[in-house]
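Reading the structure
Spelled out, the chains give:
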Amino acid sequence: MCDTPEVEGAESSWVPEWPAWWQRGVVYQIYPRSFFDASGDGIGDLAGIGEKADYLAWLGIDAVWLSPIYPTPDVDLGYDIADYLDVDPRFGTLEEFDAMLAALHERDIRAILDLVPNHTSDQHPWFIESRSGPGSPRHDWYVWRESRPDGSPPNNWESHFGGSAWTYAQPPGRWYLHSFAPGQPDLNWENPEVREALQDVMRFWLDRGVDGFRVDVLWLLGKDPGFADNPPNPDWHEGLPPRFRLLRTNSEGWPTSHERARLLRSVIDEYPERLMIGEVVLPPDRAVTYHGEHLDEAHMPHNFVLTELQEWSADAIRSAVEAYERLLPPGAWPNWLLGDHDFPRIASRLGPERMRLAHMLLLTLRGTPTWYYGDELGLPDASFRPGLLTLVDPPAAATPERDRLIIRTPMQWSPGPHAGFSEAEPWLPLASDDPTFTVERQRDDPDSTLTFVRFLLDLRGQTPALSVGTFRSLSAPPDVFSFQRDHPDGTVQVHLNFGDEPREVVVSQASRILLSTAGPTAPNGQEMDRVALGPYEGVIIGEPGRP
Ligand code: NOJ
């Protein structure tokens, strides 16, 4: 159907024979303390997620990824874990976890947990034991080093949040490594006991029925065991933030990271149908290596290509997508995301006029989309700034523009008090007081973002070409990114106009619009041989009568 005259660019020509649930599905990330507060203390919780399971099913997603739910002193809002085998009391109990999981599973929604194996909290009993000194059986569970002869830290490694990656502790009178905040000491992955302990953590949750993990900073698990200094970054120049002065070649991404990815994956593979996503924030050519040479590492390393684009144009997106498709090892299944709890929200980054197009891009590319809660409403970043709150996001302490709290605000359910998130004052102010940004206002509005994304999810779910079909990009007018998805059950084309001028795409055979960003009511089902695209409009077209 509808082949445009020329076809060019990257192509992926295989369809999984028996697609796994995570290949067909859409993952929705929940920041638990901000989703729904069932207990009434202003903090979202697991019972709240369970209560909203009907919403998640209605929305049409297939899996949730929960940011950390474990006990935490909150130095890095949950990414500093004080006990891997429990639930933070503010979020609930293990029994409430089981109930939430059952509620999700009953609705055919899988649940993936965040696993943070690189570091714990400094309040974790393992670290408390470790820092008591070399006599402790767990001393070598963390990375301890002597000062350099001049009394300075053991090497020049820097924390991702700024400053040295080493903190001196007395006792034991040595420095410990922390790739993030001082309250997040790095575990010593050279120690087999640590590796086994983390494997057991995974089994604990897999036995409870979780469907997999998103592994935090997977590429950081391997570091130079000789602790050589990081070299200077030859591309650094005045004006770039100081944190880019050094390359991180020795402090992370060491070849042993792959061994460790395989080790984690081997636990996943002890259980049927489980998923391992790896957070790998590296240039795409290195990120894709975390699929593993034999596809035995992460099923999907997170793909940050769309979050890191400097320019949001058809050409830039098309080249980035094509380049990524070409880099993928044979048989590897990609993942796409537009943001998560670390990046500005799409509505604020791209502007409301381009948001639907971004959703359409995300949900029509080949690969598993990962979506961030609240984006389905077009929720913006909050406008509060550090200083107003007692909580401080660690990277924002030195660099206020790195504050990530503004993207972690409460989900907005209804126009009532606290947007229906909680009966109490929420732990963070709302992103917006505008009642339009609520599920209640948008769910029955045919022109809302929520209605649009539901149509999109529904169409994706019903159309194998969109979920698991092949991908090839098509020639297109300026500002338009066009591609085709083929599947034995049918073919669709996607035409996305990233420009502010109307454009026209000629299609060589009769087609009909299945969905347009101009609104779910726009498609008229009529056959046509050309498609007129308004500014920032995207359309999905299919053969008449199919799919
Ligand atoms: C990556 C997580 O996405 C981020 O939120 C966190 O601060 C760091 N890892 C440290 O765990």
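**Observations regarding the packing of aromatic side chains**
For the structure on display, the rule yields 29 aromatic pairs. The interplanar angle of 80° and the centroid separation of 4.9 Å between the aromatic rings of Phe127 and Tyr142 together place this pair among those described as edge-to-face. Taken together, the residues span a long stretch of sequence, with Phe127 in helix α5 (residues 125-130) and Tyr142 in the loop between α5 and β5 (144-145) at a distance of 15 residues. Assessed through its relative accessible area of 0%, Phe127 is described here as buried. Sitting above the plane of the Trp427 ring, Arg33 keeps its charged end 5.4 Å from the centroid. Over the ring of Trp58 we find Arg443, and its NZ or CZ is 4.1 Å from the ring centre.

**Description of the nonpolar core**
Core analysis: the largest hydrophobic core is formed by 132 residues, its most contacted members being Tyr28, Trp205 and Phe481. Membership of the second largest hydrophobic core comes to 11 residues, among which are Trp21, Val27, Ile277 and Trp333.

**Side note on the environment of Asp83**
Assignment of secondary structure puts Asp83 in the loop between β3 (63-66) and α4 (94-106). Sequence-wise, Asp83 and Asp340 are 257 residues apart; in three dimensions their C-alpha atoms are separated by 24 Å. Discounting chain neighbours no more than four positions away, the residues touching Asp83 are Tyr70, Pro71 and His124. There is a polar contact of 2.9 Å between the side chain of Asp83 and the backbone nitrogen of Leu85.

**Some points on the packing of α4 against helix α6 (residues 192-208)**
Remark: α4 packs on α6, axes separated minimally by 11 Å, with the N-to-C direction vectors making an angle of 55°. Overall, the two elements α4 and α6 adopt an arrangement that is oblique. In contact with Leu94, Phe97, Asp98 and Leu101 of α4, α6 contributes Phe204, Trp205 and Arg208. Classifying every residue of the contact of α4 with α6 gives 5 nonpolar, no polar and 2 charged.

**Here's the deal with unusual backbone geometry**
A cis amide bond links Gln170 to the next residue, Pro171, at an omega of -5°. Assignment of secondary structure puts Pro171 in the loop between β6 (166-169) and β7 (174-177). Pro171 connects to Pro172 through a cis peptide bond whose omega is 10°. Checked against the element boundaries, Pro172 lands in the loop between β6 and β7. Phi is positive for Leu77, close to 40°, though the residue is something other than glycine. Examined against the element boundaries, Leu77 turns out to sit in the loop between β3 and α4. Of the residues examined, Leu77 reaches a relative accessible area of 4% and is grouped as buried.

**Section: the sheet that holds β7**
Taken in spatial order, the 3 strands line up as β5-β7-β6 in an open sheet, and their pairing is antiparallel. Of all strands in the sheet, those bounded by a partner on one side alone are β5 and β6. The pairing of β6 with β7 spans 4 bridges and is antiparallel. The residue bridging Tyr168 from the neighbouring strand is Trp175, located in β7.

**Points about the site of the ligand**
Close to the ligand lie 13 residues; Asp76, His119, Asp216, His341 and Asp342 are nearest. Within the contact set of the ligand, an oxygen atom lies 2.5 Å away from a side-chain nitrogen or oxygen of Asp76. Within the contact set of the ligand, an oxygen atom lies 2.5 Å away from a side-chain nitrogen or oxygen of Asp342. When the free accessible area of the ligand is taken as 300 Å², the share hidden by the protein chains comes to 97%. Of the residues in the shell around the ligand, the class split is 4 nonpolar, 2 polar and 7 charged.

**What to know about α4**
Over its 13 residues, α4 extends 18 Å from the first C-alpha to the last, a length consistent with the 18 Å expected when each residue adds 1.5 Å. Residues of α4 that are buried include every one of Leu94, Phe97, Met100, Leu101, Ala103 and Leu104, and no others. Packed against the buried residues of α4 are α2 (46-51), α3 (53-59), β3, β4 (110-115) and α6. Of the residues flanking the end of α4, it is Asp108, one or two places downstream, whose phi is positive at about 65°.

**Concerning the sheet that holds strand β8 (residues 212-215)**
Strand order across the open sheet formed by 8 strands is β10-β9-β8-β4-β3-β2-β12-β11, with parallel pairing between neighbours. The strands lining the two open edges of the sheet, one partner per strand, are β10 (300-301) and β11 (335-337). With 4 bridges joining them, β3 and β4 adopt parallel strand pairing. Residue pairing across strands places Leu66 opposite Leu113, the latter belonging to β4. In the packing of helix α7 (residues 256-268) onto the sheet, contacts are made with β8 and β9 (275-278), and the angle to β9 comes to roughly 155°. Helix α12 (residues 352-364) rests against β11 and β12 (368-372) of the sheet, and its axis sits at about 145° to β12.

**Some words on the pattern of salt bridges**
This model, assessed by the stated rule, comprises 32 salt bridges. Of the charged contacts in the structure, one is a salt bridge between Lys223 and Asp186, with a shortest N-O distance of 3.1 Å. Taken together, the positions of Lys223 in the loop between β8 and α7 and Asp186 in the loop between β7 and α6 put the pair 37 residues apart, joining distant regions of the chain. Overall, the relative accessible area of 9% leaves Lys223 in the buried class. Exposure remark for Asp186: the relative accessible area of 0% places this residue in the buried category. We note a salt bridge from Arg203 to Glu270, for which the minimum N-O separation is 2.8 Å. Residue Arg203 is located in helix α6, and its partner Glu270 is located in the loop between α7 and β9; the two are separated by 67 residues in the primary sequence. The exposure class of Glu270 is partly exposed, given its relative accessible area of 44%. Several salt bridges converge on common partners, so that one network encompasses Asp76, Asp342, Asp393, Arg404 and Arg408.

Cut-offs and rules
- Residues numbered from 1 in each chain as written.
- Predicted model: local features only at pLDDT ≥ 70, side-chain atom pairs only at ≥ 80, totals over all residues.
- Heavy atoms only, no water.
- Phe/Tyr/Trp six-rings, centres within 6.5 Å; stacked < 30°, edge-to-face > 60°.
- Helix = DSSP H or I, 4+ residues; strand = E, 2+ residues; numbered from the N terminus.
- Buried < 20%, exposed > 50% of the residue type's maximum accessible area, 1.4 Å probe, protein only.
- Lys NZ or Arg CZ within 6 Å of the ring centre and 35° of its normal.
- Core = buried A, V, L, I, M, F, W, Y, C linked by side-chain atoms within 4.5 Å.
- Contact = heavy atoms within 4.5 Å.
- Polar contact = N/O pair within 3.5 Å; in protein donor to acceptor, adjacent residues only side chain to side chain.
- Axes fitted to C-alpha atoms, helices over the stretch in contact; angles between N-to-C directions.
- Parallel < 35°, antiparallel > 145°, perpendicular 65-115°, else oblique.
- Nonpolar A, V, L, I, M, F, W, Y, C, P; charged D, E, K, R; others polar.
- Pairing = 2+ DSSP bridges.
- Near = heavy atom within 4 Å.
- Areas by Shrake-Rupley, 256 points an atom, 1.4 Å probe, with all protein chains shown as cover.
- Expected span 1.5 Å × (residues − 1).
- Salt bridge = Lys/Arg side-chain N within 4 Å of Asp/Glu carboxyl O.

Functional significance is not addressed by these values, which are geometric in nature.
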